[in-house]
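# Understanding the architecture of this molecule
For reference, the chains in residue letters:
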Amino acid sequence: RVLMIVFLYGKDAYRVKQNADRIVKEYLAKNPNGMGVLRVDLAEGEEKFEKFANAVKTASFFNEKKLIIVKNVFSQAEKILRDIKKYDLVGDKETILAVCENASQAEMAKTSKKLLAQLTAKPSVAKAFNPLAGKQLENWIAKETKTLGLEIEPPAIKQLVLYAGDDVWRLSQEIIKLANHSFGYDRRLIKTADVELLVTKPASQNIFETIDALGRRDKGKAITLLSRHLAAGDDPHYLFSMFVYQFRNLLRVKDLAAAAGPGGAAAIAQKTGLHPFAVKKMLEQSRQFELGELKQKFSRLAEADIQIKNGLIDITDLLYQIALS
């Protein structure tokens, strides 16, 4: 029987999505009415899993294969394993199951080694998309530019990386902006001067990248980014307020997660007023901490805030302590 499971995973969320979209495009080329396509995110609640399960077990009415793009399957690992076996999704030639997960193998293994083994075992096709860097990133920029019918000179590529970093989501948007500019002047080569003109230079390190490193407990990156903030002249009091903001939200999300249960991101977002995307990220980050530990950290931050205002503590030293804790 024909292989029907494709597993796309890795920390590079843009390329995971890009390849999932390519699968949809290829499917629609063969099935133009598109009635057999379903996209579902299992992190959005129990009703989404029911929608997925119904699609799996229901026969197609259009004499065409079904294509199911499913995200965050590890939030429902046991149920997914059950249905893969129950409905023979590995061998079912009438259903194409494209599984997308924005996580590393190590992160997924912590949740379910059995599901990871199932999705990466042959005959399934598993493709990893890890963050690009160095020459790989530069080659990707050149390739993305070429898909738009343009070329980009090597110095312009390096300048683009210098300004936009390794965030392929942003890089893709900057490439489109540069392409539109070139088309407007009927040119087919993007030059360094175009990057200088159109791409915003990094005035200061993005604070959200720094607090994300804190939430992931990536001490090395947190220290590096904090040092860049201070070297750029960013206000230490502002940095402290953002550190407090991060741990306050981690504590709120962790506290609500136990009551919300699996797939409760939507309910947590509604209660906290945080964006659903931010909640999903914080749910992942909060697994690095015990609830009691987060309560202690936030309590210490509240005490430190009083000490700062009374001039009893050096705020720069405190910021490094927080990054190292």
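For the structure given in this document, a descriptive report is provided here. (Residues numbered from 1 in each chain as written. Predicted model: local features only at pLDDT ≥ 70, side-chain atom pairs only at ≥ 80, totals over all residues. Heavy atoms only, no water.)

### Points about the side chain of D194
With respect to the secondary-structure elements, D194 resides in helix α9 (residues 192-198). Owing to a relative accessible area of 6%, D194 belongs among the buried residues under this scheme. When sequence neighbours within four positions are dropped, the list of residues in contact with D194 reads L178, H181, S182, R187, L189 and V199. (Helix = DSSP H or I, 4+ residues; strand = E, 2+ residues; numbered from the N terminus. Buried < 20%, exposed > 50% of the residue type's maximum accessible area, 1.4 Å probe, protein only. Contact = heavy atoms within 4.5 Å.)

### Focus: helix α7 (residues 154-164)
Buried residues of α7: A156, I157, Q159, L160, Y163 and A164, and no others. Buried residues of α7 fall within an arc of 165 degrees about the axis and therefore sit on the same side. Facing away from the buried side of α7, by more than 90 degrees, are the exposed residues P154 and L162. Close packing links the buried residues of α7 with α6 (134-147), β6 (151-152), α8 (168-184), β7 (189-190) and α9. (Arc of directions from axis to C-beta.)

### Observations concerning the packing of helix α3 (residues 77-86) against helix α5 (residues 113-120)
Each pair of packed helices can be summarised by the angle the axes make with each other and by the distance between the axes. Put simply, α3 and α5 touch, their axes get as near as 9 Å, and they point 40 degrees apart. When the axes of α3 and α5 are compared, the pair comes out oblique. For the pair α3 and α5, the crossing hand works out as left-handed. Counted together, A77, I80, L81 and I84 of α3 and K114, L115, Q118 and L119 of α5 form the full contact between these two elements. Per-class residue counts for the contact of α3 with α5 are 6 nonpolar, 1 polar and 1 charged. (Axes fitted to C-alpha atoms, helices over the stretch in contact; angles between N-to-C directions. Parallel < 35°, antiparallel > 145°, perpendicular 65-115°, else oblique. Left-handed = near helix turned anticlockwise from the far one by under 90°. Nonpolar A, V, L, I, M, F, W, Y, C, P; charged D, E, K, R; others polar.)

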